[in-house]
Amino acid sequence: MATEESDSSGTGTDGGSDVPTEGTRAGRWIGKRWYKTSVGIVTAALLVVLTGVGLAVSTGVVAPAFTEHEPSAAAAVPPYVYLYGGLGGLAYVFTSMVIEFEKTTEELGRAGLRLLAAPLLAAGIYLLMRFFLSSPSTRQVAGLSFLVGLYVKVTIEALGSLARRLYGRPTGRTRDGGDDSE
């Protein structure tokens, strides 16, 4: 009972941090290393399964329609662009886990969020590539899609730079977060 009272005071062991550590389900894994929590282990296992499925699909073992060399006329973006963009994102997650083995579960989740952006950015880069090249080869498209997935942050910065050059610099209000009163 005494431990419950001291835990409910809200001070915690971090000296008044805003991170909820008591009374929530997330409190069991927030701030802990990913490999020491069940959520982190399940997330890593899910990433391994996704990698295995992606590799199986990319080699044509499963769902050979994803590895067709010519996209159908109805599809604007061939499915393998999404596949290789996602594989690049998975490659980033695993390499970051190897390089920084002491990642927390939140950091692993943050790296895993790239998996949502990678296929979409790969599709955007594919459409941009199709604008400049009439018929890029499948190898070029797949390779570029993988690199886009691997380097999501660099791709976002490059696309932002391109947009600023094409459409001009944003106004002070947009750039500073809505405050013009300097």
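## Thoughts on the packing of aromatic side chains
Under the definition given, this model contains one aromatic pair. When the ring of F131 is compared with that of F132, the centres are 5.1 Å apart and the planes differ by 85°; the resulting orientation is edge-to-face. Take F131: its relative accessible area is 66%, and that puts it in the exposed class. Here F132 falls in the exposed class, since its relative accessible area comes to 62%. The lysine or arginine in question, R114, covers the ring of Y92, its NZ or CZ lying 3.9 Å from the ring centre.

## A word on a nonpolar patch on the surface
Among the surface-exposed residues, L128, F131, F132, L133, L162, L166 and Y167 lie close enough to one another that they form a single nonpolar patch of about 820 Å² accessible area. By the element assignment, L133 lies in the loop between α5 (114-132) and α6 (138-150).

## Some points on helix α4 (residues 105-112)
By the burial criterion, the buried members of α4 are T105, L108, A111 and G112. End-on, the buried residues of α4 take up no more than an arc of 120°, which puts them together on one face.

## A short note on the layout of surface pockets
In this model, the largest pocket occupies a volume close to 220 Å³. L50, L83, G86, L87 and L90 are, among the twelve residues lining the largest pocket, the residues nearest its centre. Counting only elements with at least two residues in the lining of the largest pocket, the list comes to α2 (38-58), α3 (79-99) and α5. A breakdown of the residues in the lining of the largest pocket according to their chemical character gives ten nonpolar, two polar and no charged.

## A short note on the pattern of salt bridges
Counting across every chain of the model gives one salt bridge. K103 is paired through a salt bridge with E100; the nearest N and O atoms lie 3.6 Å apart.

## Topic: the environment of L127
Within the element layout of this structure, L127 appears in helix α5. On the accessibility criterion, L127 (46% relative accessible area) is partly exposed. Taking the C-alpha atoms as reference, L127 lies 7.4 Å from V77; in sequence the two are 50 residues apart.

## Description of the side chain of R114
Tracing the backbone through its elements, the reader meets R114 in helix α5. It turns out R114 is buried and unbridged, and the closest side chain with the opposite charge, E157, is 8.5 Å from it. If near-sequence neighbours (up to four positions away) are discounted, R114 is found in contact with Y92, V152 and K153.

## Points about the packing of α5 against α6
Packed helices, taken two at a time, are described by the angle their axes make and the gap between the axes. Interaxial distance between α5 and α6 falls to 8 Å at its minimum, and their mutual angle equals 140°. Looking at the two axes, α5 sits oblique to α6. At the point where α5 passes α6, the crossing takes the right-handed sense. Residues A118, L121, A122, I125, Y126 and M129 of α5 pack against Q140, V141, L144, S145, V148 and G149 of α6.

## Section: the packing of α3 against α6
Two numbers describe how α3 lies on α6: the axes approach to 6 Å, and their chain directions differ by 40°. The handedness of the crossing between α3 and α6 comes out as right-handed. Contacts between α3 and α6 involve Y80, V81, Y84, G85, L87, G88, G89, A91 and Y92 from the first element and T138, V141, A142, S145, F146, G149 and L150 from the second. When its residues are assigned to classes, the contact of α3 with α6 shows ten nonpolar, six polar and no charged.

## Notes on the nonpolar core
Counting residues in hydrophobic clusters, the biggest one holds 14 residues, and the most contacted among them are V77, Y80, V81, Y126, V141 and V148. Of all elements in the fold, only α3, α5 and α6 reach the threshold of two or more residues within this core. Of the residues forming this core, the biggest block, seven residues, is contributed by α5. Membership of the second largest hydrophobic core comes to twelve residues, among which are W34, L83, M97 and A111.

Basis of the calculations
Residues numbered from 1 in each chain as written. Predicted model: local features only at pLDDT ≥ 70, side-chain atom pairs only at ≥ 80, totals over all residues. Heavy atoms only, no water. Phe/Tyr/Trp six-rings, centres within 6.5 Å; stacked < 30°, edge-to-face > 60°. Buried < 20%, exposed > 50% of the residue type's maximum accessible area, 1.4 Å probe, protein only. Lys NZ or Arg CZ within 6 Å of the ring centre and 35° of its normal. Patch = residues over 30% accessible without salt bridge, like charges linked within 9 Å, V, L, I, M, F, W, Y side chains within 5 Å. Areas by Shrake-Rupley, 256 points an atom, 1.4 Å probe, with all protein chains shown as cover. Salt bridge = Lys/Arg side-chain N within 4 Å of Asp/Glu carboxyl O. Helix = DSSP H or I, 4+ residues; strand = E, 2+ residues; numbered from the N terminus. Arc of directions from axis to C-beta. 1 Å grid on protein atoms, 1.4 Å probe; cavity = no way out; pocket = protein on both sides within 12 Å on 5 of 7 lines; lining within 4 Å. Points joined across faces, edges and corners; volume = space filled by probe spheres on them. Nonpolar A, V, L, I, M, F, W, Y, C, P; charged D, E, K, R; others polar. Lys, Arg positive; Asp, Glu negative; His and termini not counted. Contact = heavy atoms within 4.5 Å. Axes fitted to C-alpha atoms, helices over the stretch in contact; angles between N-to-C directions. Parallel < 35°, antiparallel > 145°, perpendicular 65-115°, else oblique. Left-handed = near helix turned anticlockwise from the far one by under 90°. Core = buried A, V, L, I, M, F, W, Y, C linked by side-chain atoms within 4.5 Å.

Limitation: the analysis is restricted to geometry and does not speak to function.
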